[in-house]
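Okay, here's what each chain looks like letter by letter:
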Number of protein chains: 2
Amino acid sequence: MRIRTMMLSAAMALALEARADEGMWLPSQLPDIEKNLKAAGFRGKAGDLADLTRAPLNAVVRVGGGTGSFVSADGLVVTNHHVAFGVIQYNSRPDRDLITDGYVAADRAAELPANPDYRLRVTVGFDKVTERILAGARGKTGKAYYDAVEAASKALVAECEKEPGIRCSVANMFYGRDFYLVKQLELRDVRLVYAPPRAIGNYGDEVDNFVWPRHAGDFTILRAYVGPDGKPADYSPQNTPYRPPSHLKLASEGVAEGDFVMLAGYPGITYRHRTAAEFADQIQWRLPTSVAVLTDLQNVIETQGKADKDAGIRYASQLQSLKNGIKRFSGELQGLQRSDAVAVRREDEVAMLAWLATRPEAKTLTPDIDAVKALIAQGRDTRDRDLLLGLLASQTQLMRGALALDRLAVERAKPDAERESGYQQRDEELIRSQLKQVQRRYDPKVEKALVTSLLLRYQKLPKAQHLPEVDAVFGLTPAELAKSLDRIYAVTAFGDEAARLRFFDATPAEVGKSDDALLVAARTLRPALLRMEEERKVREGDLLRLRPAYIQALIAYREKQGRAVYPDANSTLRVSYGKVTPLVARDAVAYAPVTTVKGIVEKNTGTIPFDAPKPLLDAIRKGDFAGYADPSTGEMPVDFLSNLDTTGGNSGSPVLNAKGELVGLNFDSNWEAVSASWMYDPRYKRAIHVDMRYMRWLMDKVYPSPSLLTELGVAPR
Amino acid sequence: MRIRTMMLSAAMALALEARADEGMWLPSQLPDIEKNLKAAGFRGKAGDLADLTRAPLNAVVRVGGGTGSFVSADGLVVTNHHVAFGVIQYNSRPDRDLITDGYVAADRAAELPANPDYRLRVTVGFDKVTERILAGARGKTGKAYYDAVEAASKALVAECEKEPGIRCSVANMFYGRDFYLVKQLELRDVRLVYAPPRAIGNYGDEVDNFVWPRHAGDFTILRAYVGPDGKPADYSPQNTPYRPPSHLKLASEGVAEGDFVMLAGYPGITYRHRTAAEFADQIQWRLPTSVAVLTDLQNVIETQGKADKDAGIRYASQLQSLKNGIKRFSGELQGLQRSDAVAVRREDEVAMLAWLATRPEAKTLTPDIDAVKALIAQGRDTRDRDLLLGLLASQTQLMRGALALDRLAVERAKPDAERESGYQQRDEELIRSQLKQVQRRYDPKVEKALVTSLLLRYQKLPKAQHLPEVDAVFGLTPAELAKSLDRIYAVTAFGDEAARLRFFDATPAEVGKSDDALLVAARTLRPALLRMEEERKVREGDLLRLRPAYIQALIAYREKQGRAVYPDANSTLRVSYGKVTPLVARDAVAYAPVTTVKGIVEKNTGTIPFDAPKPLLDAIRKGDFAGYADPSTGEMPVDFLSNLDTTGGNSGSPVLNAKGELVGLNFDSNWEAVSASWMYDPRYKRAIHVDMRYMRWLMDKVYPSPSLLTELGVAPR
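Residues numbered from 1 in each chain as written. Chains lettered and ligands numbered in written order. Predicted model: local features only at pLDDT ≥ 70, side-chain atom pairs only at ≥ 80, totals over all residues. Heavy atoms only, no water.

**A look at the domain arrangement of chain A**
All names here are of chain A.
Logical step 1: Considered domain by domain, chain A is made up of domain 1 (3-25 + 32-47 + 571-711), domain 2 (51-250) and domain 3 (276-545).
Logical step 2: A C-alpha centroid distance of 32 Å is found between domain 2 and domain 3.
Logical step 3: At the junction of the two partners, domain 2 supplies eleven residues and domain 3 supplies nine residues.
Logical step 4: Summed over both sides, the interface between domain 2 and domain 3 buries roughly 930 Å², with carbon and sulfur atoms accounting for 66% of that surface.
Logical step 5: When the buried surface of domain 2 facing domain 3 is broken down by residue, Lys143, Tyr145 and Tyr146 rank first, second and third, together holding 53% of it.
Logical step 6: Linking domain 2 to domain 3 there are zero salt bridges.
Logical step 7: Across the contact surface, domain 2 and domain 3 share one residue pair in polar contact (both at pLDDT 80 or more).
Logical step 8: The dominant element in the side of domain 2 that touches domain 3, judged by the number of residues it contributes, is helix α6 (residues 142-160), at five residues.
Logical step 9: For the side of domain 2 that touches domain 3, the residue count by class is five nonpolar, four polar and two charged. (Domains from an automatic or database assignment. Contact = heavy atoms within 4.5 Å. Buried area = accessible area lost by both parts, 1.4 Å probe. Salt bridge = Lys/Arg side-chain N within 4 Å of Asp/Glu carboxyl O. Polar contact = N/O pair within 3.5 Å; in protein donor to acceptor, adjacent residues only side chain to side chain. Helix = DSSP H or I, 4+ residues; strand = E, 2+ residues; numbered from the N terminus. Nonpolar A, V, L, I, M, F, W, Y, C, P; charged D, E, K, R; others polar.)

**Some thoughts on the state of the cysteines**
All names here are of chain B.
Logical step 1: Evaluation of the coordinates by the stated rule reveals two disulfides over all chains.
Logical step 2: Each sulfur in the disulfide pair cysteine 160 and cysteine 168 lies 1.9 Å from the other. Taking the torsion about the sulfur-sulfur bond, which here is approximately -65°, the covalent link between cysteine 160 and cysteine 168 counts as left-handed. (Disulfide = S-S within 2.5 Å.)

**A short note on the pattern of salt bridges**
Where charged atoms of side chains with opposite charge meet at close range, the side chains can pair.
Logical step 1: For the structure shown, the criterion picks out 108 salt bridges over all chains.
Logical step 2: Here Asp296(A) makes a salt bridge to Arg457(A), at a shortest N to O gap of 3.0 Å. Here Asp296(A), found in helix α9 (residues 276-307), pairs with Arg457(A), found in helix α17 (residues 444-459); they are 161 residues apart in sequence, far enough to count as distant.
Logical step 3: Among the salt bridges present, the one from Arg223(B) reaches Glu111(B), with a minimum N-O distance of 2.9 Å. Of the two residues, Arg223(B) is situated in strand β10 (residues 220-226) and Glu111(B) in the loop between β4 (103-104) and β5 (112-113); the sequence distance between them amounts to 112 residues. Both residues of the pair, Arg223(B) and Glu111(B), belong to the buried class. (Buried < 20%, exposed > 50% of the residue type's maximum accessible area, 1.4 Å probe, protein only.)

**Here's the deal with a positive patch on the surface**
Logical step 1: On the surface, Lys306(A), Lys309(A), Lys306(B) and Lys309(B) cluster together into a patch of positive charge.
Logical step 2: For Lys309(A), the position within the fold is in helix α10 (residues 309-314). (Patch = residues over 30% accessible without salt bridge, like charges linked within 9 Å, V, L, I, M, F, W, Y side chains within 5 Å. Areas by Shrake-Rupley, 256 points an atom, 1.4 Å probe, with all protein chains shown as cover. Lys, Arg positive; Asp, Glu negative; His and termini not counted. Charge placed at Lys NZ, Arg CZ, Asp CG, Glu CD.)

**Observations concerning helix α9 (residues 276-307) of chain B**
Note: α-helices contain 3.6 residues per turn, so residues at a spacing of three or four share the same orientation.
Logical step 1: Taking 1.5 Å per residue, 32 residues should reach 46 Å; α9(B) reaches 46 Å between its end C-alpha atoms and fits that length.
Logical step 2: Considering bend angle alone, the principal kink of α9(B) is centred on Gln282(B) and spans about 40°. (Expected span 1.5 Å × (residues − 1). Bend = angle between axes of the 7 residues up to and from the residue.)

**Some words on the packing of helix α14 (residues 383-394) of chain A against α17(A)**
Residues and elements named next belong to chain A.
Logical step 1: Viewed as axis vectors pointing N to C, α14 and α17 meet at an angle of 165°, and their least axial separation amounts to 10 Å. Here α17 runs roughly antiparallel to α14, going by the angle between their axes. Seen along the crossing, α14 lies across α17 with a hand that is left-handed. Between α14 and α17, the contacting residues are Arg385, Leu388, Leu391 and Leu392 on the first element and Val451, Leu454, Leu455, Arg457 and Tyr458 on the second. (Axes fitted to C-alpha atoms, helices over the stretch in contact; angles between N-to-C directions. Parallel < 35°, antiparallel > 145°, perpendicular 65-115°, else oblique. Left-handed = near helix turned anticlockwise from the far one by under 90°.)

**A closer look at the pairing of strand β7 (residues 166-173) of chain B**
Residues and elements named next belong to chain B.
Logical step 1: Pairing of β7 with strand β8 (residues 178-187) involves eight bridges; the strand directions are antiparallel. Residue pairing across strands places alanine 171 opposite tyrosine 180, the latter belonging to β8.
Logical step 2: Counting the residues in the hairpin turn of β7 and β8 gives four residues, including phenylalanine 174, whose phi is positive at 60°. (Pairing = 2+ DSSP bridges.)

**Here we look at the confidence of the model for chain A**
Logical step 1: When the pLDDT values of chain A are averaged, the result is 94; 97% of them are 70 or greater.
Logical step 2: Contacts for the low-pLDDT stretch residues 1-18 of chain A, under 50 throughout, to residues beyond four places or in other chains number 44 contacts. (pLDDT = per-residue confidence, 0-100.)

**As for unusual backbone geometry**
Logical step 1: A cis amide bond links Ala55(B) to the next residue, Pro56(B), at an omega of 0°.
Logical step 2: Mapped onto the fold, Pro56(B) is located in the loop between α2 (34-40) and β1 (60-63).
Logical step 3: The omega torsion of the bond from Trp212(B) to Pro213(B) falls at 5°, within 30 degrees of zero and hence cis.
Logical step 4: Here Pro213(B) is to be found in the loop between α8 (205-208) and β10.
Logical step 5: The backbone of Asp205(A) shows a phi angle near 35°, a positive value even though the residue is not glycine.

**Remarks on the packing of aromatic side chains**
Any two aromatic rings considered together are summarised by their centre-to-centre distance and by the angle between their planes.
Logical step 1: Overall, the coordinates contain 28 aromatic pairs over all chains when judged by the stated rule.
Logical step 2: Seen in terms of ring centroids, Phe260(A) and Tyr577(A) are 6.4 Å apart; in terms of plane orientation they differ by 20°. Their pairing is stacked. Of the two residues, Phe260(A) is situated in strand β12 (residues 260-265) and Tyr577(A) in strand β13 (residues 574-579); the sequence distance between them amounts to 317 residues.
Logical step 3: For Phe260(A), a relative accessible area of 6% puts it in the buried group.
Logical step 4: With centroids separated by 5.7 Å and ring planes inclined at 50°, the aromatic side chains of Trp355(A) and Tyr557(A) adopt a geometry described as tilted. Of the two residues, Trp355(A) is situated in helix α12 (residues 341-357) and Tyr557(A) in helix α22 (residues 517-560); the sequence distance between them amounts to 202 residues. Of the two residues, Trp355(A) and Tyr557(A), neither departs from the other in class, the shared state being buried.
Logical step 5: Among the aromatic side chains, those forming a connected cluster through ring pairs are Phe42(A), Phe260(A) and Tyr577(A).
Logical step 6: A cation sits over an aromatic face here: Arg345(B) above Phe279(B), 5.7 Å from the ring centre.
Logical step 7: Note that Arg717(B) overlies the ring of Tyr628(B), its terminal NZ or CZ placed 5.3 Å from the centroid. (Phe/Tyr/Trp six-rings, centres within 6.5 Å; stacked < 30°, edge-to-face > 60°. Lys NZ or Arg CZ within 6 Å of the ring centre and 35° of its normal.)

So, in structure tokens, the structure goes:
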């Protein structure tokens, strides 16, 4: 009778237990934490997971910006509907709307080729190359250190990619301590086999984004093909299914609350091991400042858009992206404040440094750690200016164009390999297309108001943050700023597309001599921007050199605490483990960790995004869930929630049960977990997965594909 | 570890148990259901609750449109902050903002008199008068029956109110089966003793309206005063506290999930015992049609308001009330559909009638029941027209004014007692003030567009629903309608306030001869409107006469099922009982039934309506909850949720524990329960109460009033 007490305290106990579940582990680390894995419920051998080029982890692949996994010997791959959405869209035509209707290939001949630039990558090598990367950097500092690491990386990649069909990259692990050469087989013929209708795969869309409870069937099945010689090949009818080195087995049963789960995938980026000062900067300065500055820009666009509808339409997309940024930054800030992240990280670091001071290695580590702290503190001196001037380029159209063309003219005078990244030959097409897009996204009043909003903030900064070139162009007072902008925008030819493209086609010398007011302004600003870039590279080079000391201290301190340290996420393959876990999101609000088809009916309004297809609603009404429903409740599951450690890039990651069988696909996080890129708070960090029972039921009863189920090893019931 | 399963199934079990908890019982019925009360956990004697003029129920009073209860021998009354809001507002001045700051009377001299029209009524008599009411009606039918009941009621009330300080009314119980004379002592000197700040009393305001989990401290303490002779008196410094016949005792402990609770109050109106046909009409016609028609009107105002900002402002309040209506009707519709109310009620009625057919009383009851069904079916013939023409008066300003003045001129020619209710001398001031208000709420374009929206629908109705007078005024086609409205609104003088008031002051003859276009239209429409009124009264009279047969059958059928029947709510004192109950609102969403102060901090944004006062936030941070926190969790409660059967009018109702001690004040329902006026669905029907522990903690630790706590019998801890 005391549900509340029972519920909250059980959930709290689970949450506390879950502290042990933080971590995006390198497969090679798993044997070291085997005891924890076993304690959490894993029933396999950690050693079997240690090598990502062997089964089962070599079944986990990169696909279309997310993660996928092989699920049959003939190259079937399962991933998210949203990860394969481009493929579905590419194959849709007015008379064959696969987005709306979904797709069930009748046989292999009916499998539809993906867009030609769609790629699937199988990791075939993952080797430590720290020595080769750092050999040339040792003894250097600042930008020289940075450049040496860059040069060694480029050389290694070039050498590795000599093998046909292979793509390589160098992964920086533990902030410059270790480097790995990642070698991937790149498959270029990927085909669409099975996709649910959009109203299943993306049920709830933006409204349900970041929302739990969720009711989306966010999965799609693809198949990888190779040439008749078994090697990667462009699409051809002669190609045959790729035989992957291994594939995952679909579980015959599902999971329930408290069950062990694990996940493998390619999380993008996290900041968990940043210093306490960087946490404080993020929470006390960067997030609130970004919210304030972007909110000002939002207000500028909204005010101007109200007065001039046409201008409003031109800036609609920029407005939406400002709103998204503000929402995300606010969510991250809220979450980090709720987790008291500044204090938690600071106390942890203070304790670590106090412990380090008692150890012999302090003699070598402490000077480097002090230097890291000094570099981070130094960045603070110009952070407001750096943020505002960064936005000056990214939030404008004409100004951005002039700055890009001025810089391009400088870089074009160099051999291509020596040009700054972003201004090489391969980048020119992008610059050109941005110059063209201006026409639909620009209004002189609005751009002047945006620049004004940013530069009024700049003008108020202390003198030490000022740059003489910026002051020269925009003046020191609001009146001077207004006068300067009025003059520049009145006379510049950049408002005209033909003029912009003429500048793009002009020689560096012509651009350098132009007296267009906006180009003159960009030319005046250039030395300041180059100085800022140089300073950034010096700092980054030194951080790359020094930060490993901090990481080494952290690893040693954690070892003393009995804990292992995973490297921050960097788009390499990681494994996390945890439990199917409810969420107590707010006072008196508890979310169960498994949703059911009843929720689809409850949410359904008949209009996008809650417009479940009739066959699905009929099947739910019919209630034929035998073999798929949860045996204890009789309910048909849809999605489930876990405390697995994930971040962007984990879309499509396979979720495995204690026996290593596939039970779900990761596809989203809850809103409360937006701050997890900095801190894993076990009370709120959750990941959202589509339940493989729902996928199988759809494939059996709603949009049947018995042959596919049989190939997946789970024949229709 | 299986929280979800545990949680849902336990909640479901609770919900099923709760089926027995439906009911707004007459106190006199309680001894009949004593077994149920005891089984639910009540520890007193049902007989002690049977007489609402004896303790403890005579401590429950009507106050300011809601319910209150005496809580001290010296006349302290506790009710909701929103029920006493007018008193707080009346006592606020620019230099003394009691709304923002709240109020703690330092002593009795500092207790502030309420607005002079604020009333508190203590029920002192509740007698069955069915015989006296129906004696003159027997043998009559239709309007004659209706008029006889009206006349007998008026006579009884007039006789009863001869006693000074007494207000009387006749309550129709079970749809004309029983009548009661309610006699109430009316106290006219009520004073403000203790009110929390608005940001506590109404924390969350509109955003949290109908929302659970809730965090409002929605209470205020008043005191009733009488003249030196102990009789009701207007405010005077010489008055002394009223000594109520009894008062409720504050519980020293609180409640937790599953605990028995009961509530006494004055629920306004319910339709639970309407016929299956009326349920079907409500769900299949009235609610969806009202939503459609009102949405059209909303669109009219929004479109016109966009084109003309000034007009938009004039119609802002009407727009808000349309939106509220649409939201409420939609919520009711959604709820009734979710409860499958049409089918549930129909099956129940079919079973009842089948059973009745086997009983001897069928001979007398069945013909009346058939007649009821026929009358209800008959109302369906003109329901669209009746709805639209009703809105024609209520959603316009000038049109409403002209219709009222035309009718008033007719009624003014009669002796006051014979005038139609709404047009008697006592109503004239209201009509006059509405005529004045027009100025701030009217724009000719908008009014014409609103009338057009309604009449275009009318024009499309089948011929049988048309009225010749309406067709004569507004024409038969959209073109004729536009022409007619353009003509009328171009020439009428009603747009001018002075002209309207001149018509109000004119003699009936002058009004009857006026050639103002709008008055001429009203005069032309009058015979149609009078016919509609007459037909309505005939039908209502017959329903009043016949419906008791339906009720008698229902009561007999329920008795056979082992269940008692409570009369539908009619603003008389009722008692309901139930449990502190969680809510499983949607798939995977469970709400605990007690909120805590942690939730106030979580919701707080620092801006209205989530701007908890600093003293409250400080006290929460300090955490001095000793003596008030839940002993098992250590958490400080704020509000709690029960399955008690309530409806509008129950605001401020005391919630009592198993020993009859005060543990909470009712103040709202959850959104899912909007449909409960028609059907109590145990899965979703919940009532929201402020926890008396929160009130006491605020009065002890945050805005202290030790003397008041002592008077309440719960001295500071």
